[in-house]
Amino acid sequence: MPRYEFRCRACGANFEVSRPMSEAGEPAACPRGHDDTVKLLSTVAVTGRGGGSGSAPAPMSSGGGGGGCCGGGGCC
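The present account deals with the structure reproduced in this document. Remember, predicted model here, so these are calculated numbers, not experimental data.

**With respect to the overall build of the protein**
Per the secondary structure count, the protein includes zero helices and three strands. In sequence order, the protein lays out its α and β elements as β-β-β. Taking all 76 residues of the protein together, the buried fraction comes to 14%. Put simply, of all contacts in the protein between residues at least 6 apart along the chain, 28% involve residues at least 24 apart. Roughly 6,000 Å² of accessible area belongs to the protein as shown, and the carbon and sulfur atoms make up 52% of that amount.

This is how it looks when you write it as structure tokens:
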């Protein structure tokens, strides 16, 4: 379930709320009882290529291509 970060305008506290994406835009009350809160824009850092092994990423192939929007397959 996604977690959303909020800040209370009354006391300045930051807090997180876990809720379904369908409720992402709903207001959230501060844990200290205040109702004047604002949803913060959170950033997510994703590193590696998955797998969870902690090993280094696989090397890029030397098959030419320069990347582009589709990985250098010549379609763009």
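**Brief notes about the packing of aromatic side chains**
Evaluation of the coordinates by the stated rule reveals one aromatic pair. A ring pair is formed by Phe 6 and Phe 15, whose centres lie 5.7 Å apart and whose planes are at 15°; its orientation type is stacked. A single burial state applies to Phe 6 and to Phe 15, both of which are buried.

**Looking at the environment of Pro 2**
You can see Pro 2 is positioned in the segment before β1 (3–8). On a C-alpha basis, the gap between Pro 2 and Arg 19 in space is 6.0 Å, while along the polypeptide they are 17 residues apart. Other than its neighbours up to four places away in sequence, Pro 2 contacts Val 17, Ser 18, Arg 19 and Met 21.

**What about the sheet that holds strand β2 (residues 14–18)?**
Ordered by their spatial adjacency, three strands build an open sheet running β2-β1-β3, and the pairing between neighbours is antiparallel. Of all the strands in the sheet, just β2 and β3 (37–39) have a single pairing partner and so form its edges. Mean inter-strand twist for the sheet, computed between neighbouring axes without regard to direction, equals 35°. Pairing geometry for β1 and β2, over five bridges, is antiparallel. Note that in β2 the partner of Glu 5 across the bridge is Glu 16.

**Considerations on the pattern of salt bridges**
On inspection of all chains with the given rule, the structure shows two salt bridges. The salt bridge partner of Arg 3 is Glu 16, with a shortest N-O separation of 2.4 Å. Here Arg 3, found in strand β1, pairs with Glu 16, found in strand β2; they are 13 residues apart in sequence, far enough to count as distant. Exposure remark for Glu 16: the relative accessible area of 46% places this residue in the partly exposed category. Its salt-bridge partner being Arg 9, residue Asp 36 comes within 3.9 Å of it at the nearest N-O pair. Taken together, the residues span a long stretch of sequence, with Asp 36 in the loop between β2 and β3 and Arg 9 in the loop between β1 and β2 at a distance of 27 residues.

Rules used in this analysis
- Residues numbered from 1 in each chain as written.
- Predicted model: local features only at pLDDT ≥ 70, side-chain atom pairs only at ≥ 80, totals over all residues.
- Heavy atoms only, no water.
- Helix = DSSP H or I, 4+ residues; strand = E, 2+ residues; numbered from the N terminus.
- Buried < 20%, exposed > 50% of the residue type's maximum accessible area, 1.4 Å probe, protein only.
- Contact = heavy atoms within 4.5 Å.
- Areas by Shrake-Rupley, 256 points an atom, 1.4 Å probe, with all protein chains shown as cover.
- Phe/Tyr/Trp six-rings, centres within 6.5 Å; stacked < 30°, edge-to-face > 60°.
- Pairing = 2+ DSSP bridges.
- Axes fitted to C-alpha atoms, helices over the stretch in contact; angles between N-to-C directions.
- Salt bridge = Lys/Arg side-chain N within 4 Å of Asp/Glu carboxyl O.

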